[in-house]
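# Overview (structure and organization)
In case you want the letters, here they are:
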Amino acid sequence: MSKPSDSIRASATPCVTIGWFTASCVLVSNIIGGGIFTTTGIMARDLGDPLLILLLWFTGALVAVGGAMVYGELGSRLPHAGGDYVYLREAYGPLAAFLSGWTSFTIGFGAAVAASAISFSSYALRVVPMQDESGWIAKGLSLSLALLWSATAIHCRGVGTGGRLQLILTTTKVVAIGGLILGGLSAVIGQGRPLLGAPAAQEPTVGAAAIALVIVTYCYLGWNVAGYIAADIQNPRKTLPGIMIGGTTFVAAIYLLMNMVYLSALSITELAREPIVPVAEKAAAALWGPQRGRLVAAILCLSIAGAVSAMTWAGPRVYWAMARDGMISSWLAHVQPRTKVPARAIIFQSLWASLLIVSGTFEQLLVYSGLVLALFMALTLSTIFRLRQAETIHASHYRAPLYPFLPATLVLGAGALVISSVLERPVESLYGAITVLTGVPLYYLRRRSRAK
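To continue, consider the overall build of the protein chain. Check the secondary structure of the protein chain and you find 22 helices and zero strands. Taking all 452 residues of the protein chain together, the buried fraction comes to 57%. Long-range pairs, those at least 24 residues apart, make up 83% of the contacts in the protein chain between residues at least 6 apart in sequence. For the protein chain, the exposed area adds up to about 18,400 Å²; of that, 66% sits on carbon and sulfur atoms.

This paragraph deals with the packing of helix H11 (residues 206-220) against helix H20 (residues 405-424). Taken N-terminus to C-terminus, the directions of H11 and H20 make an angle of 120°; their axes are 10 Å apart at the nearest point. The pairing of H11 with H20 is recorded here as oblique in orientation. As for the relative orientation of H11 and H20, their crossing is left-handed in sense. In contact with Gly207, Ala210, Ile211, Leu213, Val214 and Thr217 of H11, H20 contributes Leu417, Ser420, Ser421 and Glu424. Among the residues making up the contact of H11 with H20, the classes are represented as five nonpolar, four polar and one charged.

What you tend to see is this: most non-glycine residues have negative phi, and most peptide bonds are trans. In the segment running from Tyr403 into Pro404, the intervening peptide bond is cis, with an omega of 0°. One can find Pro404 in the loop between helix H19 (383-390) and H20. Non-glycine residue Asn235 carries a positive phi angle of around 50°. Mapped onto the secondary structure, Asn235 falls in the loop between helix H12 (225-228) and helix H13 (236-265).

Formed by 135 residues in total, the largest nonpolar core has its most connected members in Phe37, Leu47, Trp57, Tyr220, Tyr255 and Met258. Every residue in contact with Tyr220, bar those within four places of it in the chain, is listed here: Ile31, Trp57, Gly60, Ala61, Ala64, Ala252 and Tyr255.

A few words on the side chain of Thr217. Tracing the backbone through its elements, the reader meets Thr217 in helix H11. Among the residues examined, Thr217 registers a relative accessible area of 10% and is labelled buried. In terms of polar contacts, Thr217 uses its side chain to reach the backbone carbonyl oxygen of Leu213, at 2.8 Å. Dropping the residues within four chain positions of it, Thr217 is found in contact with Met377 and Leu417.

It is the contact of helix H9 (residues 141-156) with helix H17 (residues 343-359), at a shortest axis distance of 10 Å, that shows an interaxial angle of 175°. As far as their axial angle goes, H17 and H9 are roughly antiparallel. In contact with Leu141, Ser144, Leu145, Leu148, Trp149, Thr152, His155 and Cys156 of H9, H17 contributes Ala343, Ile346, Ile347, Ser350, Leu351, Ala353, Ser354, Ile357 and Val358.

Attention shifts here to the confidence of the model for the protein chain. Mean pLDDT over the protein chain works out to 83, with 90% of the residues at or above the 70 mark. When pLDDT is averaged over each helix and strand of the protein chain, the minimum, 42, is found for helix H1 (residues 4-10) and the maximum, 93, for H13. Residue range residues 1-14 is modelled with pLDDT below 50. Its contacts to residues more than four positions away, or to other chains, number 33 contacts.

It is worth spelling out the environment of Val63 at this point. By the secondary structure assignment, Val63 is in helix H5 (residues 50-77). Its relative accessible area of 29% is what places Val63 among the partly exposed residues.

As enumerated under the stated definition, the model contains six salt bridges in all. Taking the shortest distance from any N to any O, the salt bridge between Arg317 and Asp232 comes out at 3.0 Å. A residue pair is termed long-range when its members are at least 10 positions apart, and Arg317 in helix H16 (residues 293-324) and Asp232 in the loop between H12 and H13 qualify at 85 residues. In this structure, Arg317 and Asp232 share a single accessibility class: buried. Salt bridges sharing common partners tie together Glu73, Arg77 and Arg388.

Evaluated as defined, the whole model comprises 15 aromatic pairs. Centroid distance Trp20 to Phe21: 5.7 Å. Interplanar angle 85°. Geometry classified as edge-to-face. The exposure class of Trp20 is exposed, given its relative accessible area of 56%. Since its relative accessible area comes to 41%, Phe21 is described here as partly exposed. Residues Phe385 and Tyr403 carry aromatic rings whose centres are separated by 5.7 Å and whose planes lie at 45° to one another, so their mutual orientation is tilted. With Phe385 in helix H19 and Tyr403 in the loop between H19 and H20, this pair connects stretches of sequence that are 18 residues apart. By relative accessible area, Tyr403 is classed as partly exposed at 30%. An aromatic cluster is present here, built from Trp102, Phe105, Tyr319, Phe348 and Trp352 joined pairwise through their rings.

A separate point is the environment of Ala187. Within the secondary structure, Ala187 is located in helix H10 (residues 159-190). Note: C-alpha distance between Ala187 and Ser264 (77 residues apart in sequence) is 9.7 Å. In this structure, Ala187 is in contact with Leu287 and Trp288, ignoring residues within four places of it in sequence.

Among the residues making up helix H4 (residues 40-47), those that are buried are Thr40, Gly41, Met43, Ala44 and Leu47. For H4, the arc enclosing every buried residue in end-on projection is 160°, short of the 170-degree limit, so these residues lie on one face. Residues of H4 that are buried make contact with helix H3 (35-38), H5, H11, H13, helix H14 (268-272) and helix H15 (279-288). Positive backbone phi, approximately 70°, marks Gly48, located one or two places after H4.

Residue placement: Ile254 occurs in helix H13. Note on Ile254: relative accessible area 8%, which makes it buried. Sequence separation between Ile254 and Ile32 is 222 residues, and the spatial gap between their C-alpha atoms is 9.3 Å. Ignoring sequence-local partners within four residues, the contact set of Ile254 consists of Ile32, Ile177 and Ile181.

Cut-offs applied
Residues numbered from 1 in each chain as written. Predicted model: local features only at pLDDT ≥ 70, side-chain atom pairs only at ≥ 80, totals over all residues. Heavy atoms only, no water. Helix = DSSP H or I, 4+ residues; strand = E, 2+ residues; numbered from the N terminus. Buried < 20%, exposed > 50% of the residue type's maximum accessible area, 1.4 Å probe, protein only. Contact = heavy atoms within 4.5 Å. Areas by Shrake-Rupley, 256 points an atom, 1.4 Å probe, with all protein chains shown as cover. Axes fitted to C-alpha atoms, helices over the stretch in contact; angles between N-to-C directions. Parallel < 35°, antiparallel > 145°, perpendicular 65-115°, else oblique. Left-handed = near helix turned anticlockwise from the far one by under 90°. Nonpolar A, V, L, I, M, F, W, Y, C, P; charged D, E, K, R; others polar. Core = buried A, V, L, I, M, F, W, Y, C linked by side-chain atoms within 4.5 Å. Polar contact = N/O pair within 3.5 Å; in protein donor to acceptor, adjacent residues only side chain to side chain. pLDDT = per-residue confidence, 0-100. Salt bridge = Lys/Arg side-chain N within 4 Å of Asp/Glu carboxyl O. Phe/Tyr/Trp six-rings, centres within 6.5 Å; stacked < 30°, edge-to-face > 60°. Arc of directions from axis to C-beta.

Okay, structure coming up:
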């Protein structure tokens, strides 16, 4: 393992300007993208049981909050820019850290930003339909790229400017989602609908439930994002655990309440009926009429725009930290003297995401992204065992409860999800393994170049 002094040197922050509330907004926006508005219909089709669907979302909430507790300790011990990359570097060495950063670039942030930007354009066109002879608007390319590069420009202007954008986007979308939940539950009670409908005739299989839990876990991913921007947060050693745990718990409550609205507004058969994906719009139409579908689409646009902004802020901190360690080109370690942000790393990620938007290859990446990210989540969670053995416990460090039971359960659970996904989707698993292993020769090429 590298020395703690090395990690502090390599992860020094360019600027510290945001408080716990803005950091919490980044976390909430990063988690709440489009998944909660779209995935329950898929689960209804595959499972056919509303109680089981709610149970899986609750299980995902427990996993996310438990993971946030473990990550809270990791962030308290190593409150430096880079998040998972820093934790893996200190516990398992530079190769594991490099592969984590490589995965973040290709899948974790790059593909996710591209997919979110395209989702934004598709829903924006439902709010304001446009005619376009060239096809760029119809394909969503111009709107997707406009969103991505608007977020890029704002975050390159400085942490303060980016923080204000994130604050506005997050508070607006949380208020809108809160209105949707309160209005939906009020309509359900007023119309005398049951809170949970009857299950379908089909019997859910263990394999279908496992894949559904993978989908739910993917919708909760993002609770570790505060660790990526730890160096931008005031007093991260003290505030990071509260940001991760509190923000994740808040999102879990939103997810459970949203699903209560869906399962009350529509029967399990209606949820599973085509079109399956726009479940939030279908629920709104059932409660208030078809014209309210545009309102839900507008809320979804806000949600996705906030997620794109959060990932545009957080992801580049990984590559910046890697460049400071010499694992990738030092060109990406440059910090703008005036804005105090790693603008080159931000632009680097946005260029890759733009390429995925234009080429469409992001769709193949997203098929197996949940599997690869679950694998690295398990690996990162396991670093707590190495770090507790290697370092002295200080009074200022937050300590995750129920150690070692909690991290061990989470690691085993994530490992079981990975194995289940490999058995159910072997082709996607192979592509995921190829993507990760491609980083191995890149790591040794860079190491050889540095040696010369």
